[in-house]
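Spelled out from the first residue to the last, the chains are:
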Amino acid sequence: EAGVAQSPRYKIIEKRQSVAFWCNPISGHATLYWYQQILGQGPKLLIQFQNNGVVDDSQLPKDRFSAERLKGVDSTLKIQPAKLEDSAVYLCASRQLAQNTGELFFGEGSRLTVL
Amino acid sequence: GEDVEQSLFLSVREGDSSVINCTYTDSSSTYLYWYKQEPGAGLQLLTYIFSNMDMKQDQRLTVLLNKKDKHLSLRIADTQTGDSAIYFCAETEDSGYSTLTFGKGTMLLVSP
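Right, let's walk through the structure included here. Because the structure is a prediction, the values reported are computed rather than measured. Just so you know, the residues in each chain are numbered from 1, in the order the chain's sequence is written. Naming scheme: in the order in which they are written, chains are lettered from A and ligands are numbered from 1. For this predicted model, a pLDDT threshold of at least 70 governs which residues receive local features, and a threshold of 80 or more governs which side-chain atom pairs are given and counted, while totals over whole chains, interfaces and linings are taken from all residues. Remark: hydrogens and water are excluded; side-chain values derive from all non-hydrogen atoms of the structure.

## So, a nonpolar patch on the surface
Note that patches include only residues with greater than 30% relative accessible area and no salt bridge, and the join distances are 9 Å for like charges and 5 Å for nonpolar side chains (Val, Leu, Ile, Met, Phe, Trp, Tyr). Here, Shrake-Rupley sampling with a 1.4 Å probe gives the accessible areas, and only protein chains in the shown set may cover a residue. We define a salt bridge as a contact between a side-chain nitrogen of Lys or Arg and a carboxyl oxygen of Asp or Glu at a distance within 4 Å. The grouping of Leu8, Phe9, Met107 and Leu109 of chain B at the surface amounts to a nonpolar patch, some 410 Å² of accessible area in total. By secondary structure assignment, the location of Phe9 of chain B is in strand S2 (residues 9-13). Helix numbering and strand numbering both begin at the N terminus, where a helix is a DSSP run of H or I of at least 4 residues and a strand a DSSP run of E of at least 2.

This is the structure in structure tokens:
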């Protein structure tokens with residue numbers, strides 16, 4: 001079974017530029033998450049999708065971050081314009097609906113450096 | 001809101017046991033997890049425990065849950081250098097729709 005795929009793995013941009021990250025979850029997983037992991041910290045939820053609908057985006061900085069999952073499968077996360085404090089690893093995760101263990105399956109992440 | 005706290009660093013010698021501790025504040029937590037993150041990689045589920053359990057053993061891993069004190073621990077027996085990684089404690093209210101809340105992670109360093 002293929003895992004959660006993310007791209008690009010690494011991205012370096014200057015502040016005020018824009019960047020987009022892509023995620024393809026495990027086939028059949030209805031729930032998709034984007035987490036932000038700043039160096040030395042645990043993952044922090046940015047947005048949660050259920051199929052193509054948003055379940056929770058309360059911690060998404062909506063003035064600069066946007067995310068979509070138009071067909072309920074893959075998803076993109078965009079940052080425009082980027083700030084220095086956006087430097088982090090952006091992790092995508094997915095899970096099956098009503099899975100007994102509640103396990104999230106994570107991708108390897110997209111590391112963003114903002115100069 | 002929910003909060004999950006962990007000690008930041010643990011150093012042990014190969015062959016010793018490691019114990020990583022975690023405390024959480026959400027009394028509604030029903031599922032608690034330990035994830036492992038190796039350098040440059042995503043998080044991988046190690047083990048989990050339901051809140052109606054006190055202990056769970058899985059090969060070299062033992063999870064202890066003290067629900068009264070909201071304390072979770074992960075014991076790794078016979079720690080190996082390959083166990084060096086960051087370990088995250090996480091909790092959720094249910095396995096369906098709720099998201100996971102993670103601690104800041106404990107870096108485990110195993111020396112030969």
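## Details of the pairing of strand S8 (residues 75-79) of chain A
Residues and elements named next belong to chain A. The buried label applies to any residue whose accessible area, calculated with a 1.4 Å probe on protein chains only, is under 20% of its type's maximum; exposed applies above 50%, and partly exposed to all values in between. Along S8, the buried face is formed by Ser75, Leu77 and Ile79; none of Thr76 and Lys78, which line the opposite face, is buried. The sheet contact formed by strand S7 (residues 65-68) and S8 spans four bridges and is antiparallel. Looking at S8, one finds that Ser66 is bridged to Lys78. Hairpin connection, S7 to S8: the antiparallel pair is bridged by six residues, and Gly72 has positive phi, about 75°. DSSP bridges decide pairing: two strands pair if at least two such bridges lie between them.

## Overview of the packing of aromatic side chains
Centres within 6.5 Å make a pair out of two Phe, Tyr or Trp rings, where for Trp the six-membered ring is used; the pair is then stacked when the planes are under 30 degrees apart, edge-to-face when over 60, and tilted otherwise. Enumeration according to the criterion identifies twelve aromatic pairs over all chains in this entry. With a centroid separation of 5.4 Å and 55° between ring planes, the pair formed by Tyr48 of chain B and Phe50 of chain B is classed as tilted. According to the relative accessible area criterion, Phe50 of chain B is partly exposed, its value standing at 26%. Each ring, one from Phe88 of chain B and one from Phe102 of chain B, has its centre 6.4 Å from the other, and the planes form 85°; the classification is edge-to-face. Of the two residues, Phe88 of chain B is situated in strand S9 (residues 85-92) and Phe102 of chain B in strand S10 (residues 101-102); the sequence distance between them amounts to 14 residues. Across this residue pair, the class does not change: Phe88 of chain B and Phe102 of chain B are buried. The structure contains a cluster of three or more aromatic residues connected by ring pairs, namely Tyr33, Tyr35 and Phe106 of chain A together with Tyr33, Tyr35, Phe88 and Phe102 of chain B. Working rule: Lys NZ or Arg CZ, within 6 Å of ring centre, within 35 degrees of ring normal, means a charge sits over the ring. The positively charged end of Lys56 of chain B is found above the aromatic ring belonging to Tyr48 of chain B, 3.6 Å away from the centroid.

## Re the interface of chain A and chain B
Any pair of residues with heavy atoms lying within 4.5 Å of one another is described as a contacting pair. Chain A puts 24 residues into the contact, and the matching count from chain B is 22 residues. Using a 1.4 Å probe, buried area is obtained as the accessible area two parts lose upon being combined, added over both of them. Interface area for chain A against chain B, summed over the two sides, is near 1,800 Å², with a carbon-plus-sulfur share of 52%. Broken down residue by residue, the surface that chain A buries against chain B is led by Arg95, Thr101 and Phe106 of chain A, which jointly contribute 26%. For the interface between chain A and chain B, the tally reads zero salt bridges. Considering only residue class, the side of chain A that touches chain B consists of nine nonpolar, eleven polar and four charged. Residues were grouped as follows: Ala, Val, Leu, Ile, Met, Phe, Trp, Tyr, Cys and Pro as nonpolar; Asp, Glu, Lys and Arg as charged; and all remaining residues, including Gly, as polar.

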